[in-house]
Amino acid sequence: MSFLKLSGGTLYDPVHGVDGVVGDIWIENGKIVDAPKDGAGAVTIDVSGRVVMAGAVDMHCHIAGPKVNAARKMQPEQGRIGNGLTSHDAPMGSVPDILTTGYRYTGLGYTTCFDAAVTPMGARHVHHEFELVPNIDTGFYVLVGNNHLAMQYIADQDPAGLQSFLAWLINRSGAYAPKLVNPGGVEMWKQRAGGNARDLDQVIDGFEVTPRQVLQGITQAANQLELPHPVHIHCNNLGIPGNWTTTLETMRSLDGLRAHLTHIQFHSYGGTGDSDSGLESKVGPLADFVNEHPELTVDVGQVMFGPTTSMTADGPLGYFLQKLSGEKWYSCDTELESGCGISPIRYRDRNFVNALQWAIGLEWYLRVEDPWQVVMSSDHPNGGSFLAYPQIIRLLMDASYRLETLKRVNPRVLQRSSLSDLDREYTLSEIAIITRAGPARILGLRNKGHLAAGADADVVVYTPSENYETMFSWPWMVVKAGQIVVRNGEIQAPAAGKTLSVNRDFDLDRVKQIETWFSDHYSISVRNYGHGRVGADRIEVV
Ligand SMILES: [Zn+2]
């Protein structure tokens, strides 16, 4: 295969300290390679004057599987908006089909995306959809924070059993990392209406364990397994006024172990009870804690204004949102494993709560001192569509634009958030960190997020503009695994992607225990559980 050479671009590769240096990128067989001694015959593309970065990585979104399909079905009035349209400025609904999802991510320079919440039982469905998604590599996190067998191992004080089960579950489902969603709280909601875990030390009904023990048990097991991304945590009490104390206590309970807290914006609220009257930003003390603990990382879950869909494994949250909005609602129990809640939602800039959520998200980006610890996300589609990412970038890089926008939102936000005091502006290099280099490092993806030899040839070329939203909305070229998938801003023929997963050894003697559990409790057979051969050709073990 001949070389592809991207010639004379301005390179941003923060992994290697390259910050706006003019250079060439050489590509061969889907990988970035060192400049060859004899590059004769290379296909050369002049990218001089343009900005070159690695493909972006979305480490937290919801794009496939039973939950996403339920959301597609419950909103026929908007579910097909833009499906099949690949141009950058076409409309798109909040839950596009899987083909549109792949194309539109590519159109923004994203080449790797992780679905953040998949039940083990839903894993096969997700692999089916991933087989169809064009242009992006994928992976997913498997839900385990309300899993009955996991809680049983924790109650039995059997960490070796828990560790073996976790490894078995990740292998069996073809997952990349374990995910905790409102640990214990979803189970309590499933047992009785209004049930939830309000603090970390409440005993989970029917299980002699607490959310704190689930958090600690799974985090310890995941760190023991040396998973590339040990654990992805959606804290208890999402969206509830005063939840920042739960979030801080969650961070403390992790006791120095590596962990990632997701959509942290939704977990940073001061105030009390169910009333919004005292609602205020508590990013300050939480960001201080993150700044002092380099083992912790966060993604933001930025809220952007407009209509979208809330979809979550946090069953009680779906119920809570539906009561607030009066919108339609879908709830589902995944036996022994998880729950699910879906409801349409609209964030309004003149609404105090929504505007404060928007400000709190931006505070997080601006208050975490080390950009390697904070990742850009909108928790697509929960805080807003991934199509909003270029606008988030502009809000971070352009303080005057941010302040102009702040003037248009509900004015009470000025008293309840310190956003107006923050004048930090992100640099292009910092944007490269929070959108690709950082998430790749947090995920343990050595071949992603950088531009040195050995990296996957996922490369994006942008045309510089003073309007950063324009610049990041319209990449001039996107290369996926060495194949040009966007040229002159137009999406080309699709490239195949991979599903990234992890394998770990487990104690074979424990499998009999797991199988007995299945035959005693599940309505399906263990032989029908996991991904089987679905998606196997696409899977790459990291
Ligand atoms: Zn999420």
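Structure report, in brief. In this text, all values refer to a predicted model and were calculated from it rather than measured experimentally.

Calculation criteria
- Residues numbered from 1 in each chain as written.
- Predicted model: local features only at pLDDT ≥ 70, side-chain atom pairs only at ≥ 80, totals over all residues.
- Heavy atoms only, no water.
- Core = buried A, V, L, I, M, F, W, Y, C linked by side-chain atoms within 4.5 Å.
- Buried < 20%, exposed > 50% of the residue type's maximum accessible area, 1.4 Å probe, protein only.
- Helix = DSSP H or I, 4+ residues; strand = E, 2+ residues; numbered from the N terminus.
- Contact = heavy atoms within 4.5 Å.
- 1 Å grid on protein atoms, 1.4 Å probe; cavity = no way out; pocket = protein on both sides within 12 Å on 5 of 7 lines; lining within 4 Å.
- Points joined across faces, edges and corners; volume = space filled by probe spheres on them.
- Polar contact = N/O pair within 3.5 Å; in protein donor to acceptor, adjacent residues only side chain to side chain.
- Phe/Tyr/Trp six-rings, centres within 6.5 Å; stacked < 30°, edge-to-face > 60°.
- Lys NZ or Arg CZ within 6 Å of the ring centre and 35° of its normal.

Turning to the nonpolar core, a few remarks are in order. Core analysis: the largest hydrophobic core is formed by 141 residues, its most contacted members being Trp-358, Trp-364 and Tyr-365. Per element, the largest residue contribution to this core is 10 residues, and it comes from helix H12 (residues 352-367). Ignoring any residue separated from it by four or fewer positions in sequence, one finds Tyr-365 in contact with Val-300, Gln-302, Val-374, Val-375, Met-376, Ser-377, Ile-392, Leu-396, Arg-424, Tyr-426 and Ile-434. Formed by 19 residues, the second largest nonpolar core is a distinct cluster that contains Ile-25, Ile-27, Val-52 and Leu-451.

Turning our attention to empty space enclosed by the protein. Summary: where empty space remains is shown by rolling a probe the size of a single water molecule over the atoms. Tallied over the entire structure, the rule returns 3 cavities of 30 Å³ or more. Space inside the largest cavity adds up to approximately 60 Å³. What lines the largest cavity is simply Ala-56, Leu-108, Tyr-110, Met-376, Tyr-389, Pro-390, Ile-393, Thr-435, Arg-436, Tyr-462 and Phe-472. Put simply, the parts of the chain that give the lining of the largest cavity at least two residues each are helix H13 (389-397) and helix H16 (428-443).

So, on to the environment of Gln-483. With respect to the helices, strands and loops of the structure, Gln-483 is situated in strand E21 (residues 483-487). With relative accessibility at 33%, the residue Gln-483 sits in the partly exposed group. Each C-alpha atom of the pair Gln-483 and Pro-307 lies 35 Å from the other, and the pair is 176 residues apart in sequence. Of the polar contacts made by the side chain of Gln-483, one reaches the backbone oxygen of Pro-494; its length is 3.3 Å.

A few words now on the packing of aromatic side chains. Applying the stated rule across the entire model yields 18 aromatic pairs. On the numbers, 6.1 Å between centres and 40 degrees between planes, the contact of Tyr-153 with Phe-165 is tilted. Here the residue Tyr-153 occupies a position in helix H5 (residues 148-155), and Phe-165 occupies one in helix H6 (residues 159-173), the gap between them amounting to 12 residues. Look at Tyr-153 and you get buried, because its relative accessible area is 5%. Here Phe-165 falls in the buried class, since its relative accessible area comes to 3%. Each ring, one from Phe-518 and one from Tyr-522, has its centre 4.1 Å from the other, and the planes form 5 degrees; the classification is stacked. For Phe-518, a relative accessible area of 2% corresponds to the buried category. A residue is classified by how much of its surface remains accessible, and Tyr-522, at 10% relative accessible area, is buried. Among the aromatic residues, ring-to-ring pairing joins Tyr-153, Phe-165, Trp-168, Phe-518, Tyr-522 and Tyr-529 into one connected group. Here the guanidinium or amino end of Arg-441 rests over the ring plane of Trp-372, the centre of that ring lying 3.9 Å away.

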